[in-house]
Amino acid sequence: MNIAILGTGSVGQTLAEKFISQGHTVIIGTRNVEDTLAKTGPTSFSEWQSKNTAAHLKTFNEATKEAEIIVNALNGNATLTVFQALDAANLEKKIVIDLSNPLDFSKGFPPSLLEGLNNTNSLGEAIQQIHPLAHVVKTLNTMWCGFMLAPNLIQGGSHINFLCGNDQKSKETVAQLLITFGWTNETLLDLGDITNARGTEGYLLLWTRIYAATKNGAFNLQLVK
Ligand SMILES: NC(=O)c1ccc[n+]([C@@H]2O[C@H](COP(=O)([O-])OP(=O)(O)OC[C@H]3O[C@@H](n4cnc5c(N)ncnc54)[C@H](OP(=O)(O)O)[C@@H]3O)[C@@H](O)[C@H]2O)c1
């Protein structure tokens, strides 16, 4: 499949490596290709790409053109601005896997949720509203990125990943993709439509506090009944 990943950060890179290893074509989206490649240093995108030469880098809009699936791995603050600028035609009838979180670090740590994107709204819903013909599926945003693609790293993989979105078929397609990462029908929990992103994004208020208290982000949720 042709997969566009919007986001050059550690999450975008981690996902790109996985998709490439599975034989997918990956195009990563950025604001300005030359600027991004000009940055150097051990954690720079260019350093990462020198070891992952199969990943193509294009502008956000160019990246989405040929994509069959689009992954939103953008900073939460930037997500809506970027999506507002994307050509609607590039997203029509396409799955958008949204794993961003609307975190506001302007007052330090722990973050709050961005104004207007909490409680009665969410980033997932806002993306869906900007692109009504896209099929937004919110998932993977409730855990450290190391677990997204390798749930088996803890508890034999028996911890929870939520999904929500308005289109059932798209959720099933995303679930099949997640199963190739090690998630199972038992560990994937479909919460319903995209308004449920309020719950999974809101969980970050607790996630960040557990992280602060335990000094360890390598944890996830199990449902115990
Ligand atoms: N880290 C984790 O384990 C984890 C787990 C779950 C969910 N998430 C979520 O995953 C997302 C990505 O996280 P990350 O740490 O990989 O990356 P990040 O640093 O949060 O975001 C990097 C991306 O955001 C873009 N960006 C930043 N400011 C922008 C602006 N003003 N206008 C347009 N684009 C802008 C950058 O564009 P350029 O390429 O042009 O620089 C870059 O592509 C976040 O929403 C985060 O909450 C992270």
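Nothing here was measured: the structure is a model prediction, and the numbers come from that model. Counting restarts for each chain, with residues numbered from 1 along the sequence as it is written. The predicted nature of this model means local features are confined to residues of pLDDT at least 70 and side-chain atom pairs, given and counted, to a pLDDT of 80 or more, with totals for whole chains, interfaces and linings taken over all residues.

**Topic: the overall build of the protein chain**
- A count of helical and extended segments in the protein chain gives 10 helices and 10 strands.
- Radius of gyration (C-alpha) of the protein chain: 17 Å, near the 17 Å computed for a compact globule of 225 residues.
- In terms of principal-axis extent, the alpha carbons of the protein chain reach across some 50 × 40 × 40 Å.
- Residue pairs are scored as contacts if the distance between their C-beta atoms, which are placed from the backbone, is within 7 Å. The contacts in the protein chain between residues at least 6 apart in sequence include a share of 76% that link residues at least 24 apart. The helix and strand labels rest on DSSP assignments: H or I over at least four residues marks a helix, E over at least two residues marks a strand, and numbering proceeds from the N terminus. Restricting the calculation to C-alpha atoms gives the radius of gyration, and the globule rule supplies 2.2 Å times the number of residues raised to the power 0.38.

**Some remarks on the sheet that holds strand β3 (residues 56–59)**
- DSSP calls a pair of strands paired once it identifies at least 2 bridges connecting them. Strand order in the open sheet made by the eight strands is β3-β2-β1-β4-β5-β8-β9-β10, with mixed pairing throughout. Either end of the sheet is taken by a strand with one partner, and the two such strands are β3 and β10 (188–190). Taking each pair of neighbouring strands and ignoring which way they run, the sheet shows an average axis angle of 25°.
- The pairing of strand β4 (residues 69–72) with strand β5 (residues 95–98) spans four bridges and is classified as parallel. Residue pairing for β5: Val 71 is matched across the bridge by Ile 97. Here, axes are lines fitted to C-alpha atoms. For helices the fit covers the stretch in contact, and angles between N-to-C directions go from 0 to 180 degrees.

**Observations concerning the nonpolar core**
- Throughout this description, the term nonpolar core refers to a group of buried Ala, Val, Leu, Ile, Met, Phe, Trp, Tyr and Cys residues whose C-beta atoms join them within 7 Å. Partly exposed residues are those whose C-beta has more than 12 but fewer than 20 other C-beta atoms within 10 Å; with 20 or more the residue is buried, with 12 or fewer it is exposed, and the C-beta atoms are placed from the backbone. Membership of the largest hydrophobic core comes to 54 residues, with the highest contact counts inside it found for Ala 4, Ile 5, Leu 6 and Val 71.
- Residues contacting Val 71, with those up to four places away along its chain left out, are Ile 3, Ala 4, Ile 5, Leu 6, Leu 15 and Ile 97.

**Details of the site of the ligand**
- To decide whether a residue is near a molecule or strand, its C-beta atom is placed from the backbone and checked for lying within 6 Å of it. Of all residues adjacent to the ligand, which total 23 residues, the nearest are Gly 9, Val 11, Arg 31, Ala 78 and Ser 100.
- Mapped by element, the contributors of at least two residues to the shell around the ligand are α1 (10–21) and α5 (76–85).
- If one sorts the elements of the shell around the ligand by residue count, α5 sits on top with four residues.
- When residue character is reported, Ala, Val, Leu, Ile, Met, Phe, Trp, Tyr, Cys and Pro are called nonpolar, Asp, Glu, Lys and Arg charged, and the others, Gly included, polar. Looking at the shell around the ligand residue by residue, the classes come out as nine nonpolar, 13 polar and one charged.

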